[in-house]
Amino acid sequence: MPESRLGREQDAQSGVDKTGMIQHAVHAFSYRGVHIVYDGLSKTLITVDDVGYEVVKRYAQADLLGIVQELHAQFDEAGIYAAYDEIASLVKEGVLFCDERRLFATGGDLPAPNLQLSGICLHVAHDCNMRCAYCFAGSGLYGGKPAMMTEATARSALDYLFANAGSYAHVYVDFFGGEPTLNMPVVQEAIQYGNQLAATTGRTVTWSMTTNGLELSADMVDYFNVHQVNVIVSMDGRAEVHDAMRPSRQGKGTYQAIQGNAANLFDSRYPAQTNSYGHGVYTYVRGTFSRHNVDFAEDVAELYRNGFRHIAMEPVVSEPSKPWALTAEHVEELQRQYDRMVELVLASRRSGDPLYFHHFELDLEGGACLGKRASGCGAGVSYLAVSPEGDVYPCHQFVGDSVYRMGSVASEGALSSAIREQFIAANQGGKAACQTCFARYHCGGGCHANHFMLNHNLLEPDPLSCELIRKRLECALYLAVQETVNEEAISV
């Protein structure tokens, strides 16, 4: 019997049709001696032994006989057959090697993102009391003059959100800047008005603020706690790192003041109101690392030692010519730093005082639906940003770019459908580089603004960002399968 025919017949006997497995998101990798298999479509995560690892890596490209012939010198044939049968069983159950053409009822195309609006970002202040070196917003001015959103504009923006929320029972609003605490009266008016709209429309609303924390007073903390406002405080870690990149308007260090203010906020909430991102009321310290602190795991460790338990640390996004920019030469070291982050998280778990590192927090049991994971952040589609003047943009990082001005919440006209269509097409299904990436249902195609800044093209992902996303996901998957493993003590 010809080899290829024998392989197909044995696959058929297992109830497996490999002809449909043209597009899948299975990733098999080894991390710290553990063989891990992850299907990004179904979010199935398993560990396998040595023979299973070699079989699963070949499963989509070869038939059973071909796999046996390739591996028989390395493994017992009975073990190869057994591993193959186990994998075929998972495929038959629809949890491994899922074919996106079969999962999506559109006959092969990715599902169109929901055109209803689920959230907005209110730029209540285009001004800032700090002068961060790497600020994408140009010290909070977005290329313009200082401006504060009025109560009337905030109400108009919220009216637009609720009028266009469609079937969404829950919407969210983020206060942004510049520095949003510079315009607290409008923040408070927006929360009061938005809660009224939520009550009259039968919806719920989540409020959040991203702040530099420099003027985060005790009264503000009390207000945020009473009104259950999620807060993200920007802080870069070690004092010398933070002060070098995040000085005040007067050029002075800000670490000590922000550290104290952030600690007061965190202590007032922990643990009752401090949850993982997207679950209940959360409080995060968010840092940025650049070429000046590629050893960013030390910054996370410093924040942890100072009492913070929910921490995010993001790579700077900047033109390669900037002195703080990250380039391809930094990737290897940054990957080592994520490995170091794995050690820190494991050590904190063993101590009974866990560190929650944002990029390692996975929800494999729940989380976003497949359509949302395919379409990504929703910028320009289900999420919009509103400037102090009421102008509408796809997200906070496009604010001030006239090319991407979609309209205004103060006018009667509809928003630009042409711009919206660009962002609908820019999800991971529209990016050629994403089609063979196992992480595409994790990042949804990555950050549109990042790609546009670096490549001037929404459809061309930034390779450095992609490398870091894949590394972070591998680390997170390893941690997910190691939650109950007692490894040797590692000092934080």
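Structure first, text after, so check above.
Below, the structure is looked at part by part. In this text, all values refer to a predicted model and were calculated from it rather than measured experimentally.

## Notes on the overall build of the chain
Next up, step 1: Looking only at helices and strands, the chain has 17 helices and 14 strands in total.
Next up, step 2: Taken over 492 residues, the chain has a buried fraction of 53%.
Next up, step 3: Residue pairs in contact within the chain that sit at least 24 positions apart in sequence constitute 70% of those at least 6 positions apart.

## A short note on the packing of helix α11 (residues 297-305) against helix α12 (residues 331-350)
Next up, step 1: Put simply, α11 and α12 touch, their axes get as near as 9 Å, and they point 25 degrees apart. Relative to α12, the element α11 lies roughly parallel. Taken together, the residues of α12 that come into contact with α11 (itself represented by Ala297, Glu298, Val300, Ala301 and Tyr304) are Gln337, Arg340, Met341, Leu344 and Ser348.
Next up, step 2: Of the residues that constitute the contact of α11 with α12, the class distribution is 6 nonpolar, 2 polar and 2 charged.

## Here's the deal with the packing of helix α8 (residues 218-226) against helix α10 (residues 255-269)
Next up, step 1: The geometry of α8 relative to α10 is characterised by a closest axis approach of 10 Å and an angle of 35 degrees between their N-to-C directions. The way α8 lies across α10 gives a crossing that is right-handed. Between α8 and α10, the contacting residues are Val221, Phe224 and Asn225 on the first element and Leu265, Ser268 and Arg269 on the second.
Next up, step 2: In terms of residue class, the contact of α8 with α10 is built from 3 nonpolar, 2 polar and 1 charged.

## Some thoughts on α11
Next up, step 1: Among all positions of α11, only Ala297, Asp299, Val300, Ala301, Leu303 and Tyr304 are buried.
Next up, step 2: Looking at the buried positions of α11, the neighbouring elements they touch are α9 (239-245), β9 (283-289), β10 (310-315), α12 and β11 (356-357).
Next up, step 3: Looking one or two places after α11, you find glycine 307, whose phi comes out positive at around 105 degrees.

## Let's talk about the pairing of strand β1 (residues 26-31)
Next up, step 1: Where β1 and strand β2 (residues 34-39) come together, 6 bridges link them in antiparallel fashion. Residue alanine 28 lies in a different strand from β2, and its bridge partner there is valine 37.
Next up, step 2: Where β1 hands over to β2, the hairpin turn is made up of 2 residues, of which arginine 32 adopts a positive phi near 50 degrees.

## Digging into the environment of alanine 218
Next up, step 1: Looking at the secondary structure, you find alanine 218 in helix α8.
Next up, step 2: On the accessibility criterion, alanine 218 (57% relative accessible area) is exposed.
Next up, step 3: Separated by 47 residues in sequence, alanine 218 and leucine 265 place their C-alpha atoms 8.1 Å apart.

## Points about the pattern of salt bridges
Side chains bearing opposite charge may pair, as long as their charged atoms lie close to each other.
Next up, step 1: Applying the stated rule across the entire model yields 17 salt bridges.
Next up, step 2: Each of Glu54, Lys57, Arg58 and Glu70 takes part in a single network of salt bridges with overlapping partners.

## Observations concerning the sheet that holds β1
Next up, step 1: Judged by pairing direction, the sheet is antiparallel, and its 3 strands sit side by side in the order β1-β2-β3 without closing on themselves. Every interior strand has two partners, whereas the edge strands, β1 and β3 (44-48), have only one. For this sheet, the mean inter-axis angle between neighbouring strands, taken without regard to orientation, is 20 degrees.
Next up, step 2: In this structure, β2 lies alongside β3, joined through 5 bridges in antiparallel fashion. Paired with histidine 35 across the bridge in β3 is valine 48.
Next up, step 3: Each of β1, β2 and β3 touches helix α17 (residues 463-481); the most contacted strand, β1, lies at about 75 degrees to it.

## Things to note about helix α16 (residues 448-455)
Next up, step 1: Those residues of α16 lying buried are His448, Ala449, Asn450 and His451.
Next up, step 2: Against α14 (417-425) and α17 lie the buried residues of α16.
Next up, step 3: Of the residues one or two after α16, histidine 456 is the one with positive phi, at around 55 degrees.

## Structural notes on a negative patch on the surface
Next up, step 1: A cluster of acidic residues, Asp49, Asp50, Asp85 and Glu86, forms a negative patch on the protein surface.
Next up, step 2: Along the chain, aspartate 85 turns up in helix α4 (residues 77-92).
Next up, step 3: Judged by relative accessible area, which is 42%, aspartate 85 ranks as partly exposed.

## Digging into the state of the cysteines
Next up, step 1: Tallied over the entire structure, the rule returns 0 disulfides.
Next up, step 2: For the unlinked cysteine cysteine 447, the closest cysteine sulfur is that of cysteine 395, found at 6.2 Å.
Next up, step 3: We classify cysteine 447 as partly exposed; its relative accessible area is 33%.

## So, the pairing of strand β12 (residues 383-386)
Looking along a regular strand, one sees the side chains alternate between the two faces of the sheet.
Next up, step 1: With burial as the criterion, each face of β12 is covered, one bearing Tyr383 and Ala385 and the other bearing Leu384 and Val386.
Next up, step 2: Pairing analysis gives 4 bridges linking strand β4 (residues 119-126) to β12, with the strands arranged parallel. Each bridged residue has a counterpart across the sheet, and for isoleucine 120 the counterpart in β12 is leucine 384.
Next up, step 3: Bridging between β12 and strand β13 (residues 391-393) involves 2 bridges; their strand directions are antiparallel. From the neighbouring strand, valine 386 faces β13, where its bridge partner is valine 392.
Next up, step 4: Where β12 folds back on β13, the antiparallel hairpin that results is connected by 4 residues, among which glycine 390 adopts a positive phi of roughly 95 degrees.

## So, the environment of aspartate 99
Next up, step 1: When you line up the elements, aspartate 99 lands in the loop between α4 and α5 (100-103).
Next up, step 2: Sequence-wise, aspartate 99 and leucine 41 are 58 residues apart; in three dimensions their C-alpha atoms are separated by 8.2 Å.

## Observations regarding the environment of valine 34
Next up, step 1: Structurally, valine 34 is set in strand β2.
Next up, step 2: Taking the C-alpha atoms as reference points, valine 34 and threonine 47, separated by 13 residues in sequence, lie 7.2 Å from one another.

## Considering the nonpolar core
Next up, step 1: In terms of nonpolar packing, the biggest core is built from 112 residues, with Leu122, Phe175, Phe224, Phe308, Met341 and Phe360 touching the most fellow members.
Next up, step 2: Looking at this core, the element that brings in the most residues is α17, giving 9 residues.
Next up, step 3: Apart from the residues lying within four places of it in its own chain, the contact partners of methionine 341 are Phe296, Ala297, Val300, Leu355, Phe357 and Phe360.

Calculation criteria
Residues numbered from 1 in each chain as written. Predicted model: local features only at pLDDT ≥ 70, side-chain atom pairs only at ≥ 80, totals over all residues. Heavy atoms only, no water. Helix = DSSP H or I, 4+ residues; strand = E, 2+ residues; numbered from the N terminus. Buried < 20%, exposed > 50% of the residue type's maximum accessible area, 1.4 Å probe, protein only. Contact = heavy atoms within 4.5 Å. Axes fitted to C-alpha atoms, helices over the stretch in contact; angles between N-to-C directions. Parallel < 35°, antiparallel > 145°, perpendicular 65-115°, else oblique. Nonpolar A, V, L, I, M, F, W, Y, C, P; charged D, E, K, R; others polar. Left-handed = near helix turned anticlockwise from the far one by under 90°. Pairing = 2+ DSSP bridges. Salt bridge = Lys/Arg side-chain N within 4 Å of Asp/Glu carboxyl O. Patch = residues over 30% accessible without salt bridge, like charges linked within 9 Å, V, L, I, M, F, W, Y side chains within 5 Å. Areas by Shrake-Rupley, 256 points an atom, 1.4 Å probe, with all protein chains shown as cover. Lys, Arg positive; Asp, Glu negative; His and termini not counted. Charge placed at Lys NZ, Arg CZ, Asp CG, Glu CD. Disulfide = S-S within 2.5 Å. Core = buried A, V, L, I, M, F, W, Y, C linked by side-chain atoms within 4.5 Å.

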